[in-house]
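Topology and contacts: notes
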Amino acid sequence: NYSKSNIITVIVGGEPDVSVGIDSSTIYTSGAAGEMTVKIVNKGLPDMKFVNVMLGKSDKYKIISPSEVYIGNIDSDDYETADFKLYVEKTSEKKIVLPLSVEYKDANNKDYQNVVNLELPLYSSSEAKKLGLVQGNGKLTWVIVIVLAVAGFFGYRMWKKRRKHN
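It should be emphasised that the depicted structure is a prediction, and the values quoted were computed from it without experimental measurement.

A closer look at the environment of K49
For K49, the location among the structural elements is in strand β3 (residues 48–55). A sequence separation of 110 residues divides K49 from W159, and the C-alpha atoms of the two residues are 80 Å apart. Here the side chain of K49 touches N109 through a polar contact of 2.8 Å, side chain to side chain.

Have a look at this one:
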């Protein structure tokens, strides 16, 4: 009698299902600087390892922060974010396209790269104020009110003096 044992390994996995989008932004108008947060979601079964996010260059904006952010690992059914500081050049366009590249490895060290074009909506300054995205210039309003009040006070005094002399 003898016994024989065999061990068979099966690699279970698949490609990570990645979703990339703009999570939040403080950039609402062109000709302004602000911060944009990109959200990378791993909706797939295998984990993502060594995740690196790179924002491509364009003449529509300037990248103030580093253009490349290392995130690390993203577990299955989890997400991470990457922040970029941008200055958007003056334009009449309603959106700008941000080319973003996400490089990572799966559990079996297979390399992947996803390139997505994110769209950042832009509004005119009046639209942004109307939507409540930016505050109006309240200080200018108060300065105008004070100047008008002071001018009105002195105008009234001059009118009263002329009236007394007549």
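From this point on, the discussion continues.
Here we look at the nonpolar core
If you look at the biggest cluster of nonpolar residues, it comprises 26 residues, and the most contacted ones within it are I40, L98 and L100. The set of elements that each furnish at least two residues to this core consists of β1 (18–25), β2 (32–42), β3, β5 (68–74), β6 (78–88), β7 (95–105) and β8 (111–121). For this core, the element with the most residues is β7, which contributes 5 residues. With residues up to four places along the chain from it excluded, the contact list for I40 reads V18, S19, V20, M48, V53, I71, I74, D78, Y79, E80 and V102.

What to know about the pairing of β2
Bridge count for β1 against β2 is 7 bridges, and the pairing is antiparallel. Bridging across to β2, G21 finds its partner in K39. A loop of 6 residues connects β1 with β2, the two strands running antiparallel in sequence, and G31 in this loop sits at a positive phi of about 75°. Here 11 bridges tie β2 to β6, and the two strands are oriented antiparallel to one another. Within β6, the residue paired with G34 across the bridge is L86.

Considerations on the sheet that holds β8
On the basis of which strands lie adjacent, the open sheet formed by 4 strands has the order β5-β3-β7-β8 and antiparallel pairing. Both edges of this open sheet fall to β5 and β8, since each of them pairs with a single strand only. On average, each strand axis in the sheet is inclined to that of its neighbour by 25°, with strand direction left out of account. As judged from the 11 bridges shared by β7 and β8, these two strands associate in the antiparallel manner. Bridge assignment links Y104 to a residue of β8, and that residue is Y112.

The rules we used
- Residues numbered from 1 in each chain as written.
- Predicted model: local features only at pLDDT ≥ 70, side-chain atom pairs only at ≥ 80, totals over all residues.
- Heavy atoms only, no water.
- Helix = DSSP H or I, 4+ residues; strand = E, 2+ residues; numbered from the N terminus.
- Polar contact = N/O pair within 3.5 Å; in protein donor to acceptor, adjacent residues only side chain to side chain.
- Core = buried A, V, L, I, M, F, W, Y, C linked by side-chain atoms within 4.5 Å.
- Buried < 20%, exposed > 50% of the residue type's maximum accessible area, 1.4 Å probe, protein only.
- Contact = heavy atoms within 4.5 Å.
- Pairing = 2+ DSSP bridges.
- Axes fitted to C-alpha atoms, helices over the stretch in contact; angles between N-to-C directions.

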